[in-house]
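The residues making up each chain are set out below.
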Amino acid sequence: YSSAGYAAYAAGLGLHFPEDVRGITSGKITAVDAGVYLNAMYGYMQYGQHGGLLKEHLMNTRNRMISSQYPIARKYGWDKNAYHDIAIVYAPHPYLLAILTDKGAGTAAETAMFGKISRTIEEMMLPKWNEVDEILTGQ
């Protein structure tokens, strides 16, 4: 995509803040819009022509900040005062997770923070998944 083409594509996704798309590399992002992008990626990985290849690449990235006991497709971002990781977690009930920070040094402590946050989310979700499973199975 050209910058204009990418901006049109991004706006067509239903972003909540499409004005934050300023070309390909200098845009800003909110956690809500990161979720919009993740949802589009999730759909493409399921049904898109090259979805399997995209999923394979996103499941094998080097920077693994979000952690889970389940497989993860992730996209990280790192720039001055921006250290982010967004992911599709393939748990029994897959979910999207976006952790966006104003950190930028990439220190061990900053990276560990992503693991702690993502494990806390997973621990909080487990009882909810069990409730859903009970409702669906009638038990």
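As shown above, the structure is provided for reference.
What this report covers is the structure whose coordinates are included nearby. Keep in mind that this is a model prediction, so the values were computed, not measured.

Reading the values: rules and limits
Residues numbered from 1 in each chain as written. Predicted model: local features only at pLDDT ≥ 70, side-chain atom pairs only at ≥ 80, totals over all residues. Heavy atoms only, no water. Helix = DSSP H or I, 4+ residues; strand = E, 2+ residues; numbered from the N terminus. Expected span 1.5 Å × (residues − 1). Buried < 20%, exposed > 50% of the residue type's maximum accessible area, 1.4 Å probe, protein only. Contact = heavy atoms within 4.5 Å. Phe/Tyr/Trp six-rings, centres within 6.5 Å; stacked < 30°, edge-to-face > 60°. Lys NZ or Arg CZ within 6 Å of the ring centre and 35° of its normal.

Thoughts on helix α2 (residues 31–47)
- Under the 1.5 Å per step criterion, the end-to-end length of α2 is 24 Å for 17 residues, consistent within 8% with the ideal 24 Å.
- Among all positions of α2, only Asp33, Ala34, Val36, Tyr37, Leu38, Met41 and Met45 are buried.
- Looking at the packing, one finds that the buried side of α2 touches α1 (3–12), α3 (51–58), β1 (72–79), β2 (82–89) and β3 (95–101).

What to know about the packing of aromatic side chains
- The full count for this structure, using the stated rule, is 5 aromatic pairs.
- Taking the centre distance of 6.1 Å and the plane angle of 40° together, the rings of Tyr42 and Tyr90 count as tilted. Of the two residues, Tyr42 sits in helix α2 while Tyr90 sits in the loop between β2 and β3, which places them 48 residues apart along the sequence.
- Given the relative accessible area of 23%, Tyr42 is considered partly exposed.
- Take Tyr90: its relative accessible area is 17%, and that puts it in the buried class.
- Here Tyr70 and Trp129 contribute two aromatic rings whose centre-to-centre distance is 6.2 Å and whose plane-to-plane angle is 80°, an arrangement assigned as edge-to-face. With Tyr70 in the loop between α3 and β1 and Trp129 in helix α4 (residues 108–137), this residue pair connects regions lying 59 residues apart in the sequence.
- Connected via pairs of aromatic rings, a cluster forms that spans Tyr70, Tyr95 and Trp129.
- A cation over an aromatic ring shows up here: Lys55 above the ring of Tyr90, its NZ or CZ 4.2 Å from the ring centre.
- Note that Lys75 overlies the ring of Tyr76, its terminal NZ or CZ placed 5.6 Å from the centroid.

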